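Listed below, chain by chain, are the residues.
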Amino acid sequence: MATPPFNWLNKLLIAMTVGGWALYVLLLLIFHYGRPEQNFGYLKHQQIPVRAEWLSLHHFWFHAGVWGALGLAVTAFTLVHLKGRAHLQYLKIYLVLLGAAAIFTLLLATFSPR
């Protein structure tokens, strides 16, 4: 069986999938460094000051990026479904996982205690 041609749309869809996951990993790093610090009992006992609020710039980029990753996943999924070749259907799994991870992250960030 001959391998199907690798045209520019296939390359774009693969790049969008990889780019979406790379953006999501970057957002996890932003979340880690921008979130409020945990105020453990040891820190309270020693009266060590901790930051109790989000860093504002990190907070904005985190939420904007997660919405962007979700939009990228939905757009790429739609393109794979409508225009993608049969051998690119495996990308749907990665895009659904990216969309689910982005939605879960938004819910976690929205409902986490302040």
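Source: prediction; values computed, not measured.

K.L.:
Just to check I follow, could you spell out the side chain of His 63 for this structure?
P.N.:
Tracing the sequence through the fold places His 63 in helix H3 (residues 56-83). Not counting the four nearest positions on each side in its chain, His 63 is found in contact with Leu 106 and Ala 109.

K.L.:
What should I look at first to understand the packing of H3 against helix H4 (residues 91-111) in this one?
P.N.:
A pair of packed helices is characterised by two quantities: the angle between their axes and the separation of those axes. Between H3 and H4, the shortest axis-to-axis distance is 9 Å and the interhelical angle comes to 155°. Comparing the axis directions of H3 and H4 gives the class roughly antiparallel. The two elements H3 and H4 cross, and the hand of that crossing is left-handed. Where H3 abuts H4, its residues Phe 62, His 63, Val 66, Trp 67, Ala 69, Leu 70, Ala 73, Ala 76, Phe 77, Val 80 and His 81 lie against Leu 91, Lys 92, Leu 95, Val 96, Leu 98, Gly 99, Ala 102, Ile 103, Thr 105, Leu 106 and Ala 109. The residue inventory of the contact of H3 with H4, partitioned by class, reads 17 nonpolar, four polar and one charged.

Calculation criteria
- Along each chain, numbering runs from 1 in the same order as the chain's sequence is written.
- At least 70 in pLDDT is required for a residue's local features to be given in this predicted model, at least 80 for side-chain atom pairs to be given and counted, and no such filter applies to totals for whole chains, interfaces and linings, which use all residues.
- The basis for the side-chain values is all heavy atoms of the structure; hydrogens and waters are excluded.
- Per the convention used, a helix needs a DSSP run of H or I reaching at least four residues, while a strand needs a run of E reaching at least two, with both numbered from the N terminus.
- The contact rule is simple, with two residues in contact once any of their heavy atoms fall within 4.5 Å.
- Orientation is described by lines fitted to C-alpha atoms, with helices fitted over the stretch in contact, and by angles between N-to-C directions that extend from 0 to 180 degrees.
- Comment on the angle field: the value is read as roughly parallel under 35 degrees, roughly antiparallel over 145, roughly perpendicular from 65 to 115, and oblique elsewhere.
- The handedness criterion is simple: a crossing whose near helix is rotated anticlockwise from the far helix by less than a right angle is left-handed, and one whose near helix is rotated clockwise is right-handed.
- We call Asp, Glu, Lys and Arg charged. Ala, Val, Leu, Ile, Met, Phe, Trp, Tyr, Cys and Pro are nonpolar, and the rest, Gly among them, are polar.

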